[in-house]
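Spelled out from the first residue to the last, the chains are:
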Amino acid sequence: MGQKNSNANLKKAKTGKNDEFYTQLPDIERELGHYKEHFKDKVVFCNCDDPRVSNFFHYFSYNFEHLGLKKLITTCYKNQEINLFSQNNSEKAIYLEYVGDKNKNRVPDLSEIGIKHLKSDGDFRSKECVELLKEADIVVTNPPFSLFREYVAQLIESDKKFIIIGHQNAITYKEIFKLIKENKIWLGYGFKGGAAHFINSHYEDYASAGDHKEGMIRVSGVNWFTNLEINKRHEDLILYKKYYGNENEYPKYENYNAININKTKDIPMDYEGAMGVPITFMDKYNPDQFKIIALGIVGSIDFLNNRKMEILDKEGQPAGKFTFNAKGTLYRKYNPKTDKTPAFKDCENGDLYSSIYARIIIKNKKI
Ligand SMILES: C[S@@+](CC[C@H](N)C(=O)[O-])C[C@H]1O[C@@H](n2cnc3c(N)ncnc32)[C@H](O)[C@@H]1O
């Protein structure tokens, strides 16, 4: 194998390894408990799940009667590079259909589970898997994060209901944000403390000491994404702060007419204009209370100005590189009382600016 080829394979394998995070049963139980009424008489499809290791398969097969399911279908992906790192060491991609505890022994057993081999590798985009998808009502899984855009696009195109795990950063992907804005996808109830512990056998070389414990890797910012109705989505966020009288707490951006808010809980109750909130706001979003306007980045909003700035390093010293509009994001004046160091210096007038991490622009609908 040439050097180029082996590097490409290594890269592929590493990406695959990043995708080999297995979801714990208690996390699945905690989330899916909120969706019970949606499952009655439905065909559930877990299309990134080896039934021998997937707790999604475990959950749905053991709760089949309790949920009143019609059918459970599971497909498993078999890619050689990826499975070097995988916990499943099967020879072939398989798929499985389960229609319930027919022999009434109260557990799903092998005689009731139809295990079949797939002709191809079980890729969720493959013809066979797409055919199975057509049969499904609700797709539930933890798909590979590296293919999240494509994965969601397929679900939307095929008009399926879903409950899937993803990283909150996906909110800022252009394609995903569009769906969020159009109220076609929203966040579920979430993981304890906003972080998931995934089962992963490579936890030692893959996570820093603070982020792993025996067989498990902690990943922060992980959430559930769904398009099924849940009560949470209709609960108002209780607002207790006021903008008027506290304007200093909410500086306006230099390049967009909106106030900056650093923590969702600090959204003022009395501000009628546009507000830039952190992406974690999506966890509290109720479409009857707020309207989503845009993402605070180039391409999503029109900036008021286009100032040339010198980029400053961590010590606030010139880095010798230049940018426009703080690398295409929102920015505000540097405040020496609250900000460690400025991030940008205006090339024309020498003003110092602080950058703002990803923001969603919203408006309160009830004012
Ligand atoms: C994050 S893991 C989650 C596994 C399982 N759903 C769970 O939660 O325990 C993602 C899984 O998707 C599989 N996968 C990777 N690429 C895939 C593809 N193109 N089609 C289907 N599955 C894929 C990986 O092998 C991996 O097992």
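Treat the numbers as computed from the prediction; the structure is a model and nothing was measured.

## A look at helix 2 (residues 25-32)
Thinking step 1. Restricting attention to buried positions, one finds in helix 2 the residues Asp 27, Ile 28, Glu 31 and Leu 32. The buried residues of helix 2 occupy an angular sector of 115° when the element is viewed end-on, so they sit on one face.
Thinking step 2. Residues of helix 2 that are buried in the fold lie against helix 3 (55-62), strand 6 (161-167), strand 8 (195-199) and strand 11 (222-226).

## Concerning the domain arrangement of the protein
Thinking step 1. Domains assigned within the protein are domain 1 (3-233) and domain 2 (235-367).
Thinking step 2. Elements with a minimum of two residues in the side of domain 1 that touches domain 2: helix 8 (174-181) and strand 7 (186-187).
Thinking step 3. The greatest single-element share of the side of domain 1 that touches domain 2, amounting to three residues, is contributed by helix 8.

## Observations regarding the sheet that holds strand 18 (residues 344-346)
Thinking step 1. Spatial strand order, 16-15-18-19-17: five strands in an open sheet with antiparallel pairing. Looking at the sheet topology across the chains shown, the edges are occupied by strand 16 (318-324) and strand 17 (331-333). Within this sheet the neighbouring strands show an average axis-to-axis angle of 35°, counted without direction.
Thinking step 2. Pairing of strand 15 (residues 308-312) with strand 16, which is carried by five bridges, proceeds in the antiparallel orientation. Across the sheet, the residue bridging to Met 309 is Thr 323, located in strand 16.

## As for the sheet that holds strand 12 (residues 259-260)
Thinking step 1. Spatially, the four strands line up as an open sheet ordered 12-13-20-14, and their pairing is mixed. Single-partner strands in this sheet number two, and they are strand 12 and strand 14 (290-295).

## Digging into the site of the ligand
Thinking step 1. Around the ligand, a shell composed of 21 residues is seen, among which Tyr 22, Thr 23, Cys 48, Tyr 77 and Asn 142 lie nearest.
Thinking step 2. Among the residues forming the shell around the ligand, the class breakdown is ten nonpolar, seven polar and four charged.

## Brief notes about the nonpolar core
Thinking step 1. Core analysis: the biggest nonpolar cluster contains 83 residues, and Val 44, Phe 60, Val 139, Val 140 and Met 275 have the highest contact counts within it.
Thinking step 2. In this structure, this core is formed jointly by two domains, domain 1 (3-233) and domain 2 (235-367), each of which donates at least three residues.
Thinking step 3. Apart from the residues lying within four places of it in its own chain, the contact partners of Val 44 are Phe 39, Phe 60, Leu 69, Leu 72, Ala 136, Ile 138 and Val 140.

## Focus: the pairing of strand 11
Thinking step 1. Counting buried residues along strand 11, five of its five residues qualify, which places the element largely inside the surrounding structure.
Thinking step 2. Both faces of strand 11 are covered, namely the face carrying Val 222, Trp 224 and Thr 226 and the face carrying Asn 223 and Phe 225.
Thinking step 3. Sheet analysis places strand 6 next to strand 11, joined by five bridges and oriented antiparallel. In the strand pairing of strand 11, Ile 165 is matched with Trp 224.
Thinking step 4. In terms of strand pairing, strand 7 meets strand 11 through two bridges, oriented antiparallel. Across the sheet, the residue bridging to Trp 186 is Thr 226, located in strand 11.

## Some remarks on the confidence of the model for the protein
Thinking step 1. Across the protein, the average pLDDT comes to 90, with 90% of residues at or above 70.
Thinking step 2. Within the model, pLDDT remains below 50 along residues 1-7, and this stretch shows one contact once partners closer than five positions in the same chain are excluded.
Thinking step 3. The model gives residues 80-87 a pLDDT under 50, and that stretch makes 21 contacts with residues more than four places away or in other chains.

Criteria and cut-off values
Residues numbered from 1 in each chain as written. Predicted model: local features only at pLDDT ≥ 70, side-chain atom pairs only at ≥ 80, totals over all residues. Buried ≥ 20, exposed ≤ 12 C-beta atoms within 10 Å, placed from the backbone. Helix = DSSP H or I, 4+ residues; strand = E, 2+ residues; numbered from the N terminus. Arc of directions from axis to C-beta. Contact = placed C-beta atoms within 7 Å. Domains from an automatic or database assignment. Pairing = 2+ DSSP bridges. Axes fitted to C-alpha atoms, helices over the stretch in contact; angles between N-to-C directions. Near = placed C-beta within 6 Å. Nonpolar A, V, L, I, M, F, W, Y, C, P; charged D, E, K, R; others polar. Core = buried A, V, L, I, M, F, W, Y, C linked by C-beta atoms within 7 Å. pLDDT = per-residue confidence, 0-100.

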